Amino acid sequence: MKPWCLTAFLLAVLFVFGCQGPGQITKLRIQHVESAVESKGSPLTVAVAPFDDKRQPSEHLGMRVRGGGSETYFDVMDGTLSQRVTNSFVDFLNQAGLSTAPANGAGSANVRIEPMIQKFKVEATDKALATHLEVDTIMAFTVHNAADESTVRIAVGVGGTDHEVFFSEEDMEKLIAEVLTEGFEEFLEKVEVQGEALKFRLHEEAS
């Protein structure tokens, strides 16, 4: 059998057997994200409340549509989506130079951020020769400044896609991390430290 024929045959076999295992659950790790934003070393202290998960009620993070049309599911490893994304956001802000910690009661931080997950779509669809990956998110951030009692509201929508011939959960984990990183970076691009507050950058309007 010619090499290209053998490859096509093996891919077809994988596609056919991909329809097996309906209802199977794969646990995905929400990876630690790396900030590419230059650290400013700001003395500003920031408290981050847990992400309020406003997605439609679902017991799963996302799904994989198998070759025969059956569905298997993705869940979050080690906690909930809210917990894992909150931890990633706190780590990201610390890397960017803001003294950040999870909110614990009222606290005395200069800034309190109340974030929200409005959309978090994770889907993999098996095709004949590859698996199509998609992650689509909408996150909202409400920033409360203690110094002047001002409020800043920001919405960020970020998505990404990928195609993998031989799909593994690490491929989806990597795509999720890339989308979260881009979303967090977009948040920081919209704000700047002004004294003891976090404000919109110039030419933006704050409420």
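Rules used throughout
Residues numbered from 1 in each chain as written. Predicted model: local features only at pLDDT ≥ 70, side-chain atom pairs only at ≥ 80, totals over all residues. Heavy atoms only, no water. Helix = DSSP H or I, 4+ residues; strand = E, 2+ residues; numbered from the N terminus. Buried < 20%, exposed > 50% of the residue type's maximum accessible area, 1.4 Å probe, protein only. Areas by Shrake-Rupley, 256 points an atom, 1.4 Å probe, with all protein chains shown as cover. Core = buried A, V, L, I, M, F, W, Y, C linked by side-chain atoms within 4.5 Å. Contact = heavy atoms within 4.5 Å.

Draft legend 1. Representation of the overall build of the protein chain in the model. Scanning the protein chain from N- to C-terminus turns up three helices and eleven strands. Order of helices (α) and strands (β) in the protein chain, N terminus to C terminus: α-β-β-β-β-β-α-β-β-β-β-α-β-β. Residues classed as buried in the protein chain amount to 41% of the 207 residues present. Summing over all exposed atoms, the protein chain offers an accessible surface of approximately 11,200 Å²; the carbon and sulfur share of this is 52%.

Draft legend 2. Structural context of unusual backbone geometry. Although it is not a glycine, aspartate 78 adopts a positive phi angle of roughly 60°. Note that aspartate 78 resides in the loop between β5 (71-76) and α2 (81-95).

Draft legend 3. Structural detail: the nonpolar core. Core analysis: the largest hydrophobic core is formed by 46 residues, its most contacted members being Leu93, Ile113, Met172, Ile176 and Phe187. Elements with a contribution of two residues or more to this core: β2 (45-48), β5, α2, β7 (111-126), β8 (131-145), β9 (151-164), α3 (169-190) and β11 (197-200). The biggest single contributor to this core is α3, with nine residues. Beyond its immediate chain neighbours, meaning those up to four positions away, isoleucine 176 contacts Leu28, Ile30, Leu61, Phe120, Val122 and Val135.

Draft legend 4. Expanded view of the environment of leucine 202. Topologically, leucine 202 is positioned in the segment after β11. You can call leucine 202 exposed: its relative accessible area is 65%. Taking the C-alpha atoms as reference points, leucine 202 and lysine 190, twelve residues apart in sequence, are found 9.0 Å from one another.

Draft legend 5. Region of the structure containing the side chain of threonine 131. Following the sequence through the fold, threonine 131 ends up in strand β8. Every residue in contact with threonine 131, bar those within four places of it in the chain, is listed here: Arg64, Ala124, Thr125, Asp126, Asp162, His163, Glu164 and Phe167.

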